[in-house]
Amino acid sequence: MSSAQLEIQLIASLVAIACAIPGTFLVLRKMAMISDAISHSILPGIVIGFFITQDLNSPLLIVLAALTGVITVVLVEQIQKTGLVKEDTAIGLVFPALFSIGVIMIAKNANDVHLDVDAVLLGELAFAPFDRLLISGIDVGPKSLWIIGTILLITVGLLFAFFKELKLSTFDAGLAASLGFSPVAIHYGLMTVSSITTVGAFDAVGAILVVALMIAPAASAYLLTTDLKKMLFLSILFGVFSAISGYWVAHWLDASIAGSITTMLGLLFLVVYLFAPSKGLIAVMYREKQQKIEVSLLTFLLHLKNHNEENERHVNHLREHINWQKIRAKTVVDLALKNNMITIDNQIVSLTEKGDDFTSQAIDYIITNEDAQIEDMKDDFFLFRG
Amino acid sequence: MDLLEYIELVINDYTLRTITLGTAILGAVTGMLGSFAVLRKQSLLGDAISHAALPGIAIAFLLTGAKESNTLLLGALVSGLIGTFWIRGIITKTHLKSDTALGLILSLFFGFGMLLLTFIQKQPNANQAGLDKYLFGQAATLVESDVWLMAIVTGLCLFVLLLFWKEFKILLFDKDYAKTLGFNTKTIDILITSFIVLAIVLGLQTVGVVLMSAMLLAPAAAARQWTNNLSVMVFLAAFFGAFSGVFGTAISATQNNLSTGPVIVIVASVFVMFSFIFSPNRGLLFRQIRFIKNRRDLELHKTLSFMFNIAKTHENISHPHTIKILNNFQGYTKGTLKKLVDKNYVTLNGNMWSLTQEGFETASNLYNQQFKKDE
């Protein structure tokens, strides 16, 4: 592994961490699409900054671009405040307009300079190690490493300083406001950090793919935990893992590093989405199926409890009466038998004592909705776990 | 170049005619379907779908090795649909919210598409150049067959829209009611979503992935301001969309170095801004004017009721009072006094004023609703 390769992986990992931290809060605050809007609308800021400084890595460029990001947020909020359109429409109107302005500015003025839309949107991590930062003639490492390192340091500093404020205002904005933390200040603080991170990362991974690094690790982590600290830790872990594995996939395929990092993020999310315990797709579908069977069981038991006549309790009649398919009826009857809730005597079904007890308890719960009565049933039944 | 000359050029020049027609049709169809997206609060779906279509284009190219635009668009359609249904899966099956799902699918699909595109570029196949036109769109590459395709799809859209008009409408405004009436809401939902995806995919070649969402939203958002009627809104949105297409093409054709996509988006955004400000019912300007007018009326009422309270104490309601006693009352200005005179509620005599009979009656009924005269 050459030093350039090491540096690329280091930069990618730092970008991943710097994105994961604000990304977690954006996902929790239901503002994930704002990061997409910012990533597009910083383009005019970058273009103007570039015209002034003629240098894609100058700090002024970052400041101007971050400013455009914040302007986007303000514009979206102002449009939304008029009540003429919904928030998502406001987002969808603002960023393409700003982006178009950026594209037109490039087309009109930057014909002979090194700036094209692809460079801003897609970035090229592979070139990052060649742009060195020289301090009084001594090579101290790639420029983008320093930029993203500084941004990360600031982000982490802010995170530790304002962790409790962020946490509170994310989960209970009303309480935060009444305790005297200004939700507006925290909101704009977060927006500013997101803008700066987006800008700082754009020449490494490209502005659009910053969105992936912000949202995907946080979304994957959110499916695995409900603890904020764990979620932050997991998203950072996922981000770094995808950054490094993505680099090697790109190396192997000889393709865009940013693209393959995103693809790794996508695969990671897919795995978590399918297999996450209790919140993954498979777990959810299993739970829904169990609940469906248990509702059927309950219906069946209630029917038995309501009828004493033998002809109402005949196995064949049950199928007609509750209108179940053969297989479903068999599943339910088997389940009830296995749990000793019914006995079948000469094709006539009757409730056992246990089944009778169970049914009364379930009815009580459904009517009163008091949790205390069903504590002991929770272990056996998905239905009562909520 | 003046307008007539330009129109003549549009009619005679093949490229310009194709582009103008193409962008106009595209604007019309996206505006039409965009109305539904906006009203269903799925505004950003367009953004997500257009990004999600990218890997489909790349895979279609990898499989067929040809740059035939219909095949590529088919790939885009398939991958756009997969993205859309995955978004729905994420929203319904997990606790992730719609914004996260949209952003996730958008960026992940786009990143994967970029991976494939760069992978293709490294392949020893001379044919691959030009795939990235789908990123930013190049209206200049439109040919007549593309326009025909757009026209056919638009016709199909229009037909389905008219056929299922009442189903779409009821689904839009009251989904639960539609369900209880026995409509298969799921099928209708899928139908309209698929058409939105189709329209977006059609536009990729012209305005590109990034700006497609604005084509979907802007005409609809502008049209929404002018009407509360769905059919009028759909019609207006189609008109706005088509007009932004034509106008944007005209601007970019008469200037150097202007790609059509961004210009169309800017034109559409100007439409939106204009509508936000100047629409008669919802617009900001008229809203502000109404607000000021209401405030003035209130002030006027306040003055009148103050006068009424003074006049009430006298036997003769027209008993004159000096203007001076109004001075320590806030609602009074020379202007309001003049207005009251104009309305014949008050008569002025030197620096004395007195209520008329009509003014007295209006004032006594001011704060109970029986007096219904428009103030």
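Caption draft 1: Region of the structure containing the overall build of chain A. What chain A contains, in helices and strands, is 16 helices and 4 strands. Here chain A, with 386 residues, has 53% of them falling under the buried criterion. Residue pairs in contact within chain A that sit at least 24 positions apart in sequence constitute 65% of those at least 6 positions apart.

Caption draft 2: How the structure looks around the nonpolar core. In this structure, Phe269(A) and Ile90(B) are the most contacted members of the largest nonpolar core, which totals 174 residues. Here this core takes 22 residues from helix α11 (residues 185-224) of chain B, the largest share from any one element. Beyond its immediate sequence surroundings of up to four residues, Phe269(A) is in contact with Ala219(A), Ser220(A), Leu223(A), Trp86(B), Ile90(B), Leu96(B), Leu104(B) and Leu108(B). With 16 residues, the next largest nonpolar core counts Ala311(B), Ile323(B), Leu340(B) and Tyr345(B) among its residues.

Caption draft 3: The arrangement of the domain arrangement of chain A in detail. Residue and element names in this part refer to chain A. Parsing chain A into structural domains produces domain 1 (3-278) and domain 2 (282-385). Of the residues lining the interface, 5 residues belong to domain 1; the matching set on domain 2 comes to 4 residues. Buried area between domain 1 and domain 2, both sides added, is near 280 Å², and the carbon and sulfur share of it is 53%. Contact with domain 2 buries surface across domain 1, with Leu274, Phe275 and Ser278 losing the most and accounting together for 88% of the total.

Caption draft 4: Examining the side chain of Ser13(A) more closely. Residue and element names in this part refer to chain A. Mapped onto the elements of the fold, serine 13 is located in helix α1 (residues 3-28). In this structure serine 13 comes out as buried when scored by relative accessible area, which is 10%. A distance of 2.7 Å separates a polar side-chain atom of serine 13 from the backbone oxygen of glutamine 9. Setting aside anything within four residues of it in sequence, one finds serine 13 in contact with Val240, Ala243 and Ile244.

Caption draft 5: How the structure looks around the sheet that holds strand β2 (residues 346-349) of chain B. All names here are of chain B. Overall, antiparallel pairing links the 3 strands, which are arranged β1-β3-β2 in an open sheet. Since the sheet does not close on itself, it has two edges, and those belong to β1 (321-322) and β2, each with one partner. Bridge analysis of β2 against strand β3 (residues 352-355) gives 4 bridges, and the strand direction is antiparallel. Bridged to leucine 348 within β3 is tryptophan 353. Across the sheet, helix α14 (residues 284-312) is in contact with β1, β2 and β3; its angle to β3 comes to roughly 85°.

Caption draft 6: Here's a closer look at the pairing of strand β3 (residues 342-345) of chain A. Residues and elements named next belong to chain A. Summarising the sheet, β3 and strand β4 (residues 348-351) pair through 4 bridges and their orientation is antiparallel. Bridge pairing in β4 links isoleucine 344 to valine 349. Where β3 hands over to β4, the hairpin turn is made up of 2 residues, of which asparagine 346 adopts a positive phi near 55°.

Caption draft 7: Broad picture of the interface of chain A and chain B. Each partner contributes residues to the interface: chain A has 61 residues there, and chain B has 57 residues. Buried area between chain A and chain B, both sides added, is near 4900 Å², and the carbon and sulfur share of it is 75%. Considering only the side of chain A, the residues that lose the most area to chain B are Met33(A), Leu84(A) and Tyr273(A), jointly responsible for 14% of the buried surface there. Along the contact surface separating chain A from chain B lie 1 salt bridge. Linking Glu288(A) and Lys93(B) is a salt bridge whose minimum nitrogen-to-oxygen distance equals 3.1 Å. For the interface between chain A and chain B, the tally reads 10 residue pairs in polar contact (both at pLDDT 80 or more). Mapped onto the side of chain A that touches chain B, the elements with two or more residues apiece are α1, α2 (32-53), α4 (87-109), α5 (117-122), α10 (207-224), α12 (257-275) and α13 (281-306) of chain A. Grouping the amino acids of the side of chain A that touches chain B by side-chain chemistry returns 39 nonpolar, 13 polar and 9 charged.

Caption draft 8: Examining the domain arrangement of chain B more closely. According to the domain assignment, chain B contains domain 1 (3-281) and domain 2 (285-364). A separation of 58 Å is found between the C-alpha centroids of domain 1 of chain B and domain 2 of chain B.

Caption draft 9: Representation of a nonpolar patch on the surface in the model. All names here are of chain B. Residues Trp226, Phe274, Ile277, Phe278, Leu285, Phe286 and Ile289 make up a contiguous nonpolar surface patch of about 580 Å² in total accessible area. Only α13 (260-278) and α14 provide two or more residues apiece to the nonpolar patch. Counting through the fold element by element, isoleucine 289 comes out in helix α14. A residue is classified by how much of its surface remains accessible, and isoleucine 289, at 45% relative accessible area, is partly exposed.

Rules used throughout
Residues numbered from 1 in each chain as written. Chains lettered and ligands numbered in written order. Predicted model: local features only at pLDDT ≥ 70, side-chain atom pairs only at ≥ 80, totals over all residues. Heavy atoms only, no water. Helix = DSSP H or I, 4+ residues; strand = E, 2+ residues; numbered from the N terminus. Buried < 20%, exposed > 50% of the residue type's maximum accessible area, 1.4 Å probe, protein only. Contact = heavy atoms within 4.5 Å. Core = buried A, V, L, I, M, F, W, Y, C linked by side-chain atoms within 4.5 Å. Domains from an automatic or database assignment. Buried area = accessible area lost by both parts, 1.4 Å probe. Polar contact = N/O pair within 3.5 Å; in protein donor to acceptor, adjacent residues only side chain to side chain. Pairing = 2+ DSSP bridges. Axes fitted to C-alpha atoms, helices over the stretch in contact; angles between N-to-C directions. Salt bridge = Lys/Arg side-chain N within 4 Å of Asp/Glu carboxyl O. Nonpolar A, V, L, I, M, F, W, Y, C, P; charged D, E, K, R; others polar. Patch = residues over 30% accessible without salt bridge, like charges linked within 9 Å, V, L, I, M, F, W, Y side chains within 5 Å. Areas by Shrake-Rupley, 256 points an atom, 1.4 Å probe, with all protein chains shown as cover.

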